[in-house]
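Chain residues, written in single-letter form:
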Amino acid sequence: MAAESGKKWVLTVTAQTPTNIAVIKYWGKRDEDLILPINDSISVTLDPDHLCTTTSVAVSPAFTHDRMWLNGKEVSLSGGRYQNCLRELRSRASDVEDEEKGIKITKKDWEKLHVHVVSYNNFPTAAGLASSAAGLACLVFSLAKLMNVKEDHSKLSAIARQGSGSACRSLYGGFVKWIMGKEENGSDSIAVQLADEKHWDDLVIIIAVVSSRQKETSSTSGMRDTVETSMLIKHRAKEVVPKRIIQMEEAIKNRDFPAFARLTCADSNQFHAVCLDTLPPIFYMNDTSHRQEPFFNSSFINVIVPHFYLPIISCVEKWNRHEETPQVAYTFDAGPNAVLISHNRKAAALLLQRLLFYFPPQSDTDLNSYVIGDKTILKDAGIHEMKDIEALAPPPEIKDTNLTQRHKGDVSYFICTRPGRGPVVLTDESRSLINPETGLPK
Ligand SMILES: Nc1ncnc2c1ncn2[C@@H]1O[C@H](COP(=O)(O)OP(=O)(O)OP(=O)(O)O)[C@@H](O)[C@H]1O
Ligand SMILES: C[C@@](O)(CCOP(=O)(O)OP(=O)(O)O)CC(=O)O
């Protein structure tokens, strides 16, 4: 195992993996253990410069058991999903040799060797921003590199899928389809790249982050309840999604933004409709909006105030109608954050003006932390300081400006990003999250 007698070596690999946002949603499984979906889905990979997971993995004969640290805290790797990924990877591991360090690991050694995993998400975890997608894809990708797994990305996607369904789509950049597959063992339930990130690189994506707290209903349990109780999901999976997949692939191939936007918004709305059709109903879009409201001036009741998603959807719908052709598409995942995809930089600048008009920051917020990611969009929008936001006029499509409401403080921050690349290995040692001497987090 170790050529240098007595020395406990540590071998590490670090990788970075993007997150993705589905434009045709995955919602519902036909096999809970293997994570096999009831329909195909399509996603856009987001630029890892703005949203990504970085994971360092290490192996050493000194390690006594598999361990993982996520965002600075040790977490258990004993869950079935992590174990399934580890088992699949170990069974495909190959010989590894590092002459410089005098390390030789044979295929058989991997059965006994233990790994350490240190991972960090540069965005909120479990808040509906697909941290499980980037996180599990990164775990599988980095361990596959460490263990010299000689499989292509589609085979790795089938392993990542067993960690979290949407993770299989994070193995590629650009535009990705997860093919549901037919086989009972899940071997044909894999992700494929439809087009790389350069194919349609004028798209700009703005994410309105509403709440970075953990959501109340996890995607896993939410979609289980939907499959068990909703009639609408059967119609969606059988009749609606297959047609939409064909149309979406065509829209992406032809860079047909009006078709892309129409399908994206319709699919997001239908996903939330099946959530509402679930027993008990799931309200993702207004999770943060359960507010205490006065009732007959005397007592208070808890009502669901759709104060966030309604203004966003209505702003986009009104503007698209006014322009006569879609400028922007909206999509909401299993949380209230809005993902807005605009046709190009010009549309993105106009969108950001509208978003900042409707959702100005609290007075004590710093503009630099209110709009993060690609800040050049902010400049294109003519916004250089806070007073530029205060001076924004209502969008021209608003007829009755007396009825316009501004929702100060409802958005935590905006992330400006774009379609991005797939996973990469980071060779620069300084990017590693693991101390190469101890094998523990740095
Ligand atoms: N970097 C990571 N490495 C390994 N596992 C991770 C990582 N990040 C997140 N996870 C796992 O994913 C879980 C969060 O998944 P969950 O589906 O609840 O939220 P989300 O992915 O942020 O939201 P959604 O999938 O609905 O968009 C975490 O509790 C953790 O188990
Ligand atoms: C709404 C979604 O984001 C649901 C994602 O669900 P997960 O992939 O998080 O669920 P599990 O497979 O149970 O881990 C839609 C999508 O990404 O396609």
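Residues numbered from 1 in each chain as written. Chains lettered and ligands numbered in written order. Predicted model: local features only at pLDDT ≥ 70, side-chain atom pairs only at ≥ 80, totals over all residues. Heavy atoms only, no water.

Put simply, the rule reads: UniProt positions are given in the numbering used here, feature names are shortened, and annotations may be inferred rather than shown by experiment.
Naming follows an unreviewed UniProt entry, where the protein appears as Diphosphomevalonate decarboxylase of Rehmannia glutinosa. The record in UniProt for the protein states the following under Catalytic activity (unreviewed entry): "(R)-5-diphosphomevalonate + ATP = isopentenyl diphosphate + ADP + phosphate + CO2". Its UniProt record gives the protein a comment under Function (unreviewed entry), which states: "Performs the first committed step in the biosynthesis of isoprene-containing compounds such as sterols and terpenoids."

## Remarks on the state of the cysteines
How we decide: Two cysteine sulfurs form a disulfide in these notes if their separation is within 2.5 Å. Relative accessibility under 20% of the residue-type maximum defines a buried residue, over 50% an exposed one, and the middle range a partly exposed one, all with a 1.4 Å probe and only protein chains included.
This model, assessed by the stated rule, comprises 0 disulfides. Just so you know, cysteine 138 is unpaired, no disulfide at all, and the nearest cysteine sulfur is the one on cysteine 52, 7.8 Å from it. Residue cysteine 138 is classed as buried on the basis of its relative accessible area of 0%.

## What about the packing of aromatic side chains?
Here is the rule we go by: Here a pair means two rings of Phe, Tyr or Trp (six-membered ring of Trp) with centres within 6.5 Å. Their orientation is stacked below 30 degrees between planes, edge-to-face above 60, and tilted elsewhere. Under the DSSP-based scheme used, a helix requires at least four consecutive residues in state H or I and a strand at least two consecutive residues in state E, with every element numbered from the N terminus.
One pass over the full model with this rule turns up 11 aromatic pairs. Here tyrosine 26 and tryptophan 178 contribute two aromatic rings whose centre-to-centre distance is 4.6 Å and whose plane-to-plane angle is 65 degrees, an arrangement assigned as edge-to-face. Here the residue tyrosine 26 occupies a position in the loop between strand S2 (20-24) and strand S3 (29-31), and tryptophan 178 occupies one in strand S12 (residues 175-178), the gap between them amounting to 152 residues. A relative accessible area of 10% places tyrosine 26 in the buried class. Note on tryptophan 200 and phenylalanine 257: the rings are 6.3 Å apart at their centroids and 80 degrees apart in plane angle, and the pair reads as edge-to-face.

## Considering the site of ligand 2
Worth spelling out the cut-off: Near, as used in this document, describes a residue that has one of its heavy atoms within 4 Å of the molecule or strand being considered. Pairing of N or O atoms within 3.5 Å defines a polar contact, subject to two protein rules: one partner must be a possible hydrogen donor and the other a possible acceptor, and residues neighboring in sequence count only if both atoms are side-chain atoms. For every accessible area listed, the method is Shrake-Rupley and the probe measures 1.4 Å; residues are considered covered only by the protein chains on display. Charged means Asp, Glu, Lys or Arg here, nonpolar means Ala, Val, Leu, Ile, Met, Phe, Trp, Tyr, Cys or Pro, and polar covers whatever is left, Gly included. Start and end positions for the domains come from either an automated domain assignment or a database one.
The full set close to ligand 2 counts 18 residues, and Tyr26, Lys29, Ser164, Ser166 and Arg169 are the nearest of them. Contact between ligand 2 and arginine 81: an oxygen atom at 2.8 Å from a side-chain N or O atom of the residue. Between an oxygen atom of ligand 2 and a side-chain N or O atom of serine 164, the distance comes to 2.7 Å. Protein chains shield 94% of the accessible area of ligand 2, which is 460 Å² for the free molecule. Among the elements that line the shell around ligand 2, the one with the most residues is helix H4 (residues 219-229), at 3 residues. Along the lines of polarity and charge, the residues of the shell around ligand 2 split into 7 nonpolar, 6 polar and 5 charged. Per-domain counts for the shell around ligand 2 show at least three residues from each of domain 1 (11-196 + 425-431) and domain 2 (204-417).

## Quick word on the sheet that holds strand S5 (residues 41-45)
Spelled out, the test is: Two strands form a pair only when DSSP identifies at least two bridges running between them. Note on method: axes are straight lines fitted to C-alpha atoms, helices fitted across the in-contact stretch only, with angles between N-to-C directions ranging 0 to 180 degrees. Working rule for contacts: check all heavy atoms of both residues, and any pair within 4.5 Å makes them a contact.
Within the open sheet, the 4 strands sit side by side as S2-S5-S12-S13. Their pairing is antiparallel. What marks the edges here is a single partner per strand, and that holds for S2 and strand S13 (191-195). Ignoring strand direction, the axes of neighbouring strands in this sheet form an average angle of 35 degrees. Here S5 runs beside S12; their pairing, made up of 4 bridges, is antiparallel. Bridging from a neighbouring strand, isoleucine 42 pairs with lysine 177 of S12. Seen against the sheet, helix H6 (residues 257-276) touches S2 and S5 and runs at an angle of roughly 95 degrees to S2.

## Concerning the pairing of strand S7 (residues 67-70)
Two elements, S7 and strand S11 (residues 114-121), share 4 bridges in a ladder whose sense is parallel. Among the inter-strand pairings, arginine 67 is bridged to a residue of S11, identified as histidine 116. As paired strands, S7 and strand S8 (residues 73-75) are joined by 3 bridges and run antiparallel to one another. Considered in S8, the bridge of leucine 70 is made with lysine 73. Linking S7 to S8, which pair antiparallel, is a turn of 2 residues; within it asparagine 71 sits at a positive phi near 50 degrees.

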